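Given next are the chains, with one letter for each unit.
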Amino acid sequence: MASRRAVYKESISNLDDNGFKLCMIWTARILLHSTFYRRSIQKIQHLNEDILEVFGLDEYHHSKRIAEVRKQIKEKLYALEDKRPKQSGVVYRNVSLLKKTFGLSDAERDILHFISASNVYPAMRSVVEPLNESPPDQILQVIAAATNYSLITVKKALSSDSPLGCSGLVQLVNPNPHYNDHPFKLIDPLIFTIQNSHDDSESLLAKCFRKSKSTALSLGDFSYLGKRLEILKRYLEKRIQSPKPGVNVLLYGAPGVGKTELARVMGKTLKASLYEVLVEDDEGAARTQQERLNSFRICQNLLKQKEKSLVLFDEVEDIFPVEPQSFFGPPRPSRGGNKGYMVNLLENNPVPTIWIANQIGQIDDAYLRRFDLLFDIKVPPRKIREKLLADKFSSLDVRPEWIDRISKADKITPSDVDRAAKILEAIGVDDAEVNEQLTEEVLKSNLGARRLSISSPQTGCHESTYDLSYLNTTENIARIAAGLAKKLKGNALLYGAPGTGKTAFAHHIGELANKPILIRRASDLLSMWVGGTEANIAKMFREAEAEQSILLLDEADSFFRDRRMAHNNWEVTQVNELLVQMESFSGLFVCSTNLMDDLDQAVFRRFALKIRFDYPTSEQCWRLFLAHAEELELMKQQEDMKQYRRLVERLTHLAPGDFAAVRRKHELLGNLTTVNDLINALADECRVKPDVRDEKMIGFQP
């Protein structure tokens, strides 16, 4: 039967005899000098049996005094120290690699070796783990005693500004003993890799970060970002060539819009080595905030010696936690934690870093103002979405008109397109219509999980028959549309009954100018929190400015009500905020409303253009009717056109939006097969309008 000493030596494998003796020396010093063990023989007697035998304590008697036990351990320690064992073994060789990489002193190397051994070897870990709840000073004293360095030297070696302390390799004196099991913890990835032989530090630290994946995209795929893209490229290019500490860029926006791919494109374009801080461990479990920050620091320290390097720190929401939501307001940036630690990290990182987040509302302003550039990455505009769809589905059987239609869905991200194309590539068939239905179902499911819709914004008019000549307005609408599309600045108030073409007109301007439309409604802006609506209003204008979009505020009457009728202070501040933002907005701001009587007069005066949209004239209604009937192929034989016209003219308050509603219903049910069906469907739409609900409506009766 193997001796206890042989078993203990096996439990610290990868050690030669010198390494084994050194571990026993460390163990003896802890038992002799730790307050935890010094006065309690019971605590020593409950140690691992292998350790007890190594020190000749396996056959103790309960009457044995603590002084006798300490004497026995001391004699063993003196005998081991006389042999002057050298530091050796796989762990020590790896620690020596880290010493060279991070510029550690000899004392820091020895302390790191001890900490590594106490984390890696089970027998040593069983000695130090009971010390976890000891006060910080006592833990530092244990390290000093074990390594035979002065307490001052140990404190200096583990201080936050020392090479070892700022390396991220160890978690310094345990801040929360109830949730950890070791008083001086080696970071988790290193616990496993440090036990195996490595040729260099990059291999040793591979579980902390990795070389970023390659990307097939190019800078041109992000051209819609405009000047911001050029600023980002030139700034990172300069700082890679002439490094300075504290270079940080924050890219934020909804999931899937391409933030990570943009970072990879930057690395590719600048011919820089891009490294990513890992989000998960080998088993797929999420890493904690502290683990990821330690990995970031390790990555920074390693790469600062390499030329042309970049760091990508993705999913940083957990790095900047929020306080729990209170009854009186939304989540707030966390005031706890070590703010100085994070500020120091942002101001002194030697390698330029691209940070990525889905949202930044929880990040404290003290951190935000330390980022050099903060760019909000939005869903690409329609032209880019159309190109992306065409590229991804180029080898798949879908029709160009389908790509054109799907590209109008303004919530679809590049990530959605990529995943849908992969799925269709795997399960697609030789039938364009079937493939399109499958892809739409995938897109609907993906967007639905995020509470979004694949539908493009409703304009109130059917696109195929949209024509300015069908609009009945107080101004020369064609001239106004051309002027606004050319200038792309100023403001316009569109008012009138529902369905008369106000929203569609704003989209028409966007088409003429080839500019995206940023649409906001009351549901997008109103907040349950005090000040939340005003913040959303300001954000709306910022987004439109950044994207160089035409800003359309639909249902504007929700915000422009006369302040003299306000019952609450926030009703006044909302109007005030809109007025302030309108004054400073440099783009084109269009508002549409069905209600004019309650509008604040100060707001009304600030609109340069005030255009009333009335119901179409009877002549316009008839021409619109003919256009839809012809497109639906309802007039297949000689018809009594005079009778149809008379019936159409009797439809009270008929609007372009009624035709659009009837067409959408037909696309679902296929219910329009004759001219009579179209007239009766329009009559049904008119009948439910409040202004004519009590009037006797007429339809065609064969």
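Just so we're clear, the structure is a prediction, and the values are computed from it rather than from any experiment. (Residues numbered from 1 in each chain as written. Predicted model: local features only at pLDDT ≥ 70, side-chain atom pairs only at ≥ 80, totals over all residues. Heavy atoms only, no water.)

J.: Break down the overall build of the protein chain for me, with residues and values.
T.: A count of helical and extended segments in the protein chain gives 32 helices and 14 strands. The buried share of the protein chain, taken over its 702 residues, is 49%. Sequence-distant contacts, at least 24 apart, represent 76% of the contacts inside the protein chain between residues at least 6 apart. Element-wise, carbon and sulfur atoms account for 49% of the exposed surface of the protein chain, whose accessible area totals about 35000 Å². (Helix = DSSP H or I, 4+ residues; strand = E, 2+ residues; numbered from the N terminus. Buried < 20%, exposed > 50% of the residue type's maximum accessible area, 1.4 Å probe, protein only. Contact = heavy atoms within 4.5 Å. Areas by Shrake-Rupley, 256 points an atom, 1.4 Å probe, with all protein chains shown as cover.)

J.: Now, about the pattern of salt bridges: what can you tell me, with residues and values included?
T.: Tallied over the full model, the rule gives 32 salt bridges. Beyond isolated ion pairs, a larger network of salt bridges with shared partners links Asp 376, Lys 378, Arg 520, Lys 539 and Glu 543. (Salt bridge = Lys/Arg side-chain N within 4 Å of Asp/Glu carboxyl O.)

J.: Describe helix 32 (residues 675-687), and please don't skip the residues or the numbers.
T.: When the terminal C-alpha atoms of helix 32 are compared, their 18 Å separation across 13 residues agrees well with the 18 Å that a helix rising 1.5 Å per residue should span. Among the residues of helix 32, those classed as buried are Val 675, Asn 676, Leu 678, Ile 679, Ala 681, Leu 682, Ala 683 and Cys 686. Buried-residue contacts for helix 32 involve helix 29 (618-631), helix 30 (641-649) and helix 31 (656-669). (Expected span 1.5 Å × (residues − 1).)

J.: So, unusual backbone geometry: which residues are in play, and what are the values?
T.: For Lys 271, which is not glycine, the phi torsion reads 55° and is therefore positive. With respect to the helices and strands, the residue Lys 271 is situated in the loop between helix 15 (259-269) and strand 5 (273-277). Taking the relative accessible area as the measure of exposure, Lys 271 reaches 69% and is therefore exposed. Despite not being glycine, Glu 633 has its phi angle at roughly 55°, a positive value. Along the polypeptide, Glu 633 turns up in the loop between helix 29 and helix 30. Residue classification places Glu 633 among the exposed positions, given a relative accessible area of 57%.

J.: I'd like a rundown of the packing of aromatic side chains, residues and numbers included.
T.: All told, the structure shown has 16 aromatic pairs when counted by the stated rule. On the basis of an interplanar angle of 70° and a centroid distance of 5.6 Å, the ring pair of Phe 393 and Trp 402 is categorised as edge-to-face. On the accessibility criterion, Trp 402 (2% relative accessible area) is buried. Pairwise contacts between aromatic rings join Phe 296, Phe 313, Phe 320, Trp 355, Tyr 367 and Phe 371 into one cluster. (Phe/Tyr/Trp six-rings, centres within 6.5 Å; stacked < 30°, edge-to-face > 60°.)

J.: Let's hear about the pairing of strand 14 (residues 609-614): which residues, and what values?
T.: Side-chain positions along a regular strand alternate between the two faces of the sheet. Alignment of strand 9 (residues 472-473) against strand 14, held across 2 bridges, turns out to be antiparallel. Bridge pairing links Asn 472 to Asp 614 in strand 14. The pairing of strand 10 (residues 490-496) with strand 14 spans 5 bridges and is classified as parallel. Residue pairing in the sheet places Ala 492 in a bridge with Leu 609 of strand 14. (Pairing = 2+ DSSP bridges.)

J.: Describe the confidence of the model for the protein chain, and please don't skip the residues or the numbers.
T.: For the protein chain, mean pLDDT is 82; residues scoring 70 or higher make up 84% of the total. Contacts for the low-pLDDT stretch residues 1-13, under 50 throughout, to residues beyond four places or in other chains number 27 contacts. Here residues 175-179 is a poorly scored stretch, pLDDT under 50, and it has 2 contacts once near neighbours within four places are set aside; other chains count. (pLDDT = per-residue confidence, 0-100.)

J.: Which residues make up the environment of Leu 626, and what values do they have?
T.: Here Leu 626 lies in helix 29. Judged by its relative accessible area of 24%, Leu 626 is partly exposed. Sequence separation between Leu 626 and Met 641 is 15 residues, and the spatial gap between their C-alpha atoms is 9.8 Å. For Leu 626, the contacting residues outside a window of four places in its chain are Met 635 and Met 641.

J.: Give a detailed account of the side chain of Thr 101, specifying residues and quantitative values.
T.: Within the fold, Thr 101 resides in helix 7 (residues 90-102). The class for Thr 101 is buried, based on a relative accessible area of 11%. In terms of polar contacts, Thr 101 uses its side chain to reach the side chain of Ser 201, at 2.4 Å. Beyond its immediate sequence surroundings of up to four residues, Thr 101 is in contact with Ser 201, Asn 301, Leu 302 and Gln 305. (Polar contact = N/O pair within 3.5 Å; in protein donor to acceptor, adjacent residues only side chain to side chain.)

J.: Tell me about a nonpolar patch on the surface, and please be specific about residues and values.
T.: A contiguous nonpolar patch, built from Ile 423, Ile 427, Val 429, Val 434 and Leu 438 and spanning about 350 Å² of accessible area, is present on the exposed surface. Elements with a contribution of two residues or more to the nonpolar patch: helix 21 (414-427) and helix 22 (432-449). Topologically, Ile 427 is positioned in helix 21. The class of Ile 427 is partly exposed, set by a relative accessible area of 48%. (Patch = residues over 30% accessible without salt bridge, like charges linked within 9 Å, V, L, I, M, F, W, Y side chains within 5 Å.)

J.: I'd like a rundown of the sheet that holds strand 10, residues and numbers included.
T.: If you trace the 6 strands from one edge of the open sheet to the other, you get 9-14-10-13-12-11, paired in mixed fashion. Two strands close off the open sheet at either side, each with one partner strand: strand 9 and strand 11 (517-520). The sheet strands contacting helix 23 (residues 477-487) are strand 9, strand 13 (588-593) and strand 14, and the helix crosses strand 14 at an angle near 140°. (Axes fitted to C-alpha atoms, helices over the stretch in contact; angles between N-to-C directions.)

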